[in-house]
Amino acid sequence: MKFIAKLFPEITIKSRPVRRRLIQRLQSNLQILLKRIDSNIKVSGFWDKVEVNIAGQDADLCARIINVMQRVPGIQSFLEVQEYPLGDFDNAFQLTRDAYSERLHGKTFKVRVKRTGDHDFTSVELERYIGGGLRQHTEAAGVDVRNPDVWVDLEIRDNKLFVVTAIHQGQGGYPLGTQEDVLSLISGGFDSVVASYMTMRRGSKTHFLFFNLGGHAHEIGVKQVALYLWKQYGASARVKFITVPFEEVVGEILQSVHHSHMGVILKRMMMRAADKVADRMKLNAIVTGESVAQVSSQTLPNLRLIDESCDHLVLRPLITMDKPEIIDLSRRIGAFEFASAMPEYCGVISDKPTTHARRERVEGEESHFDFEVLERALEQAEVISIDDIVENRDINAEIEAMTRVEANQTLVDIRPPREQERKPLNMPGCETRVIPFYKLETEFPLLPQEREYLLYCDKGVMSQMHAQHLHELGYPNVKVFRPATQS
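This is a predicted model, so every value here is computed, not measured.

**Section: the overall build of the chain**
Helix and strand counts for the chain stand at 17 helices and 19 strands. Each principal axis of the C-alpha atoms in the chain carries an extent, and together these give about 85 × 60 × 40 Å. Here the chain holds 487 residues, and the buried ones make up 53% of them. By sequence separation, contacts in the chain at least 24 residues apart represent 79% of the contacts at least 6 residues apart. Element-wise, carbon and sulfur atoms account for 48% of the exposed surface of the chain, whose accessible area totals about 22,700 Å². Placing the 61 positive and 67 negative side-chain charges of the chain at their respective mean positions leaves the two points 5 Å apart.

This is the structure:
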């Protein structure tokens, strides 16, 4: 079995040295990720493609490879192909019929042959021969050269025939690590999550900076969505997750700044802090999820003043996107359920916010701010590797973790529906309920409160966050279920 990755089109127009470097990095990224699945997978880079080869026809292994390749930046699309020695026309037809006969049932089709090398026939001649054979010897509805239901794709390279059995869409973009590293300000909401994904897709190793305004539960939730993004789209590179405690900064703003300018000045303080963190990490740019006029602090005059508070380049991938577009993209990348369950703490501190702040007024308001508070927050910043997040389970040590379910306890599976379907929780002998984490806040109060409830998720991180959140809402009868395999 072979997979042929087609390059993101912008790669193909680069100069020879740049194109070679991009292809080499794509090959390396794929090799790193696929070796974690099976050490025998071979990845080879060529001038116009990257090939992935596996021995045999293991359907489960193929599905796992497809899942990885669909999420690796730099791949526009990839072909799932079977490789054979090039024989005569009849041999090519027989192989093609075996691969396509079921898919052609009741469908129109067109044969496409891409040929490289010297042969005593043309691509059109082979297309006609195979097309005629498929029309006579399958239950296809016929040939449609303009708008077929099925494209029958073959590639011939010198003395080899490749029968394309499936075409999969890739992420596009540039291979991760081919552009400079960036620091993304992430709050866990739709905007910052999608902005982070977009810089990863564009080839930048994206480190995460979180300003904690909402306590430990919020921090765990943001770490979880950052971990998800990294595992899905950036796991070929190691990045950092930085947490800066900002509660005291917010408190200082509430005491020192007029309510109309709180939002702008909070963002300026965040940018100043991000500037220092980016300096320490020697990063070139800061990434935010702002979009023009989405909220009061994101008008053009306000954004200009916010940018003036830092020296680094500020990238805003979402700057002209509408909110529905951003939410739709969050669904496509699998982050919607994380973001929709994330509280938005930043929006609660401004009353009648200004949409057209002036530099003199902003500087006047900031003159009352004690900048030692900001320095203390930076001194208390926590820096961890993104792949260490799953091991960081002691953040909410006050939430008791159970390794078994007692008679008076109910197990609550809070995983997203697709995870529940993929790996059902099989716990015979105990009462179990299924409530996805984004429905917990509304459905948990409806449960009989005389029982105890143990929240469960695969890694034990989301369950901690939501157990803590339910405690804060006044439900002390919540614990975490952590089976022995998670301990």
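**Points about the sheet that holds strand β9 (residues 179–185)**
What the six strands build is an open sheet, ordered β13-β12-β9-β10-β11-β14; its pairing is mixed. Both edges of this open sheet fall to β13 (313–315) and β14 (382–385), since each of them pairs with a single strand only. Across the sheet, the mean angle from the axis of one strand to that of its neighbour is 25 degrees, orientation sign disregarded. Relative to β13, strand β12 (residues 285–287) runs parallel, the two sharing three bridges. Bridge pairing in β13 links Ala285 to Leu313.

**Topic: the UniProt feature "domain: THUMP" (unreviewed entry) in the chain**
Under the UniProt annotation, the feature "domain: THUMP" (unreviewed entry) is placed at residues 63–167. What you have in residues 63–167 is 32% helix and 36% strand, and the ends, taken at the C-alpha atoms, are 13 Å apart.

**Here's the deal with the side chain of Asn212**
By the secondary structure assignment, Asn212 is in strand β10 (residues 204–212). For Asn212, a relative accessible area of 5% translates into the label buried. Of note is the side chain of Asn212, whose polar atom sits 3.1 Å from the side chain of Glu219. With sequence-adjacent residues up to four places away left out, Asn212 is seen in contact with Glu219, Thr243, Val244, Pro245, Phe246 and Glu247.

**Things to note about the pattern of salt bridges**
Counted by the stated rule, this structure contains 32 salt bridges. One salt bridge connects Glu83 with Lys160, and the closest N-O pair in it is separated by 3.2 Å. Highlighted residues: Glu83 in strand β4 (residues 75–85) and Lys160 in strand β8 (residues 160–169), separated in sequence by 77 residues. We note a salt bridge from Lys267 to Glu290, for which the minimum N-O separation is 3.7 Å. In this pair, Lys267 sits in helix α9 (residues 262–281) while Glu290 sits in the loop between β12 and α10 (300–307), placing the two residues 23 residues apart along the sequence. Using a relative accessible area of 17% as the deciding quantity, one classes Lys267 as buried. The structure contains a network of salt bridges with shared partners spanning Lys2, Lys6, Asp48, Lys49, Glu51, Glu83, Glu155, Arg157 and Lys160.

**Concerning helix α5 (residues 123–137)**
Side chains that are three or four residues apart share a direction in an α-helix, a result of its 3.6 residues per turn. Between its terminal C-alpha atoms α5 stretches 21 Å, which fits the 21 Å expected from 15 residues at 1.5 Å a residue. Of the positions making up α5, those classed as buried are Ser123, Leu126, Glu127, Ile130, Gly131, Gly132, Gly133 and Leu134. Where α5 is buried, its residues touch α4 (89–100), β5 (108–116) and β7 (150–157).

**A few points about the packing of aromatic side chains**
The description of two aromatic rings rests on the distance between their centres and on the angle between their planes. On inspection of all chains with the given rule, the structure shows 13 aromatic pairs. Relative to Phe241, the ring of Phe210 lies with its centre 6.4 Å away and its plane at 40 degrees, an arrangement referred to as tilted. One end of the pair, Phe210, is in strand β10; the other, Phe241, is in strand β11 (residues 240–245), with 31 residues separating them in the sequence. Residue Phe241 is classed as buried on the basis of its relative accessible area of 0%. Pairing Tyr228 with Phe338 gives two aromatic rings, centres 5.0 Å apart and planes at 35 degrees, and the pair type is tilted. Of the two residues, Tyr228 sits in helix α7 (residues 215–234) while Phe338 sits in helix α12 (residues 336–340), which places them 110 residues apart along the sequence. With respect to class, Tyr228 is no different from Phe338; both count as buried. Ring pairs connect the aromatic residues Phe89, Phe121 and Tyr129, which therefore count as one cluster. Of note, Lys49 hangs over the ring of Phe46, and the distance from its end group to the ring centre comes to 4.4 Å.

**Notes on the environment of Ala92**
If you trace the backbone, Ala92 turns up in helix α4. In the structure, Ala92 is positioned 90 residues away from Val182 in sequence and 50 Å away in space, judged by C-alpha atoms. Sequence-distant contacts of Ala92, that is, excluding residues within four places in its chain, are made with Leu126, Ile130 and Leu161.

**Quick notes on the packing of helix α8 (residues 247–256) against helix α14 (residues 371–379)**
Taken N-terminus to C-terminus, the directions of α8 and α14 make an angle of 170 degrees; their axes are 9 Å apart at the nearest point. Relative to α14, α8 is oriented roughly antiparallel. Contacts between α8 and α14 involve Glu248, Val249 and Glu252 from the former and Val373, Leu374, Arg376 and Ala377 from the latter. In terms of residue class, the contact of α8 with α14 is made up of four nonpolar, no polar and three charged.

**Quick look at unusual backbone geometry**
The backbone of Asp158 shows a phi angle near 55 degrees, a positive value even though the residue is not glycine. Of note, Asp158 is situated in the loop between β7 and β8. Take Asp158: its relative accessible area is 46%, and that puts it in the partly exposed class. Unlike most non-glycine residues, Lys282 shows phi in positive territory, near 60 degrees.

**What to know about the pairing of β7**
Across the eight residues of β7, six count as buried, placing the element largely inside the fold. By the bridge criterion, eight bridges tie β5 to β7 in an arrangement that is parallel. Opposite Phe109, over in β7, you have Val150 as the bridge partner. As consecutive antiparallel partners, β7 and β8 are separated by two residues, and within that stretch Asp158 has a phi angle of approximately 55 degrees, a positive value.

The rules behind each value
- Residues numbered from 1 in each chain as written.
- Predicted model: local features only at pLDDT ≥ 70, side-chain atom pairs only at ≥ 80, totals over all residues.
- Heavy atoms only, no water.
- Helix = DSSP H or I, 4+ residues; strand = E, 2+ residues; numbered from the N terminus.
- Buried < 20%, exposed > 50% of the residue type's maximum accessible area, 1.4 Å probe, protein only.
- Contact = heavy atoms within 4.5 Å.
- Areas by Shrake-Rupley, 256 points an atom, 1.4 Å probe, with all protein chains shown as cover.
- Lys, Arg positive; Asp, Glu negative; His and termini not counted.
- Charge placed at Lys NZ, Arg CZ, Asp CG, Glu CD.
- Pairing = 2+ DSSP bridges.
- Axes fitted to C-alpha atoms, helices over the stretch in contact; angles between N-to-C directions.
- UniProt positions renumbered as here; feature names shortened; annotations may be inferred.
- Polar contact = N/O pair within 3.5 Å; in protein donor to acceptor, adjacent residues only side chain to side chain.
- Salt bridge = Lys/Arg side-chain N within 4 Å of Asp/Glu carboxyl O.
- Expected span 1.5 Å × (residues − 1).
- Phe/Tyr/Trp six-rings, centres within 6.5 Å; stacked < 30°, edge-to-face > 60°.
- Lys NZ or Arg CZ within 6 Å of the ring centre and 35° of its normal.
- Parallel < 35°, antiparallel > 145°, perpendicular 65-115°, else oblique.
- Nonpolar A, V, L, I, M, F, W, Y, C, P; charged D, E, K, R; others polar.

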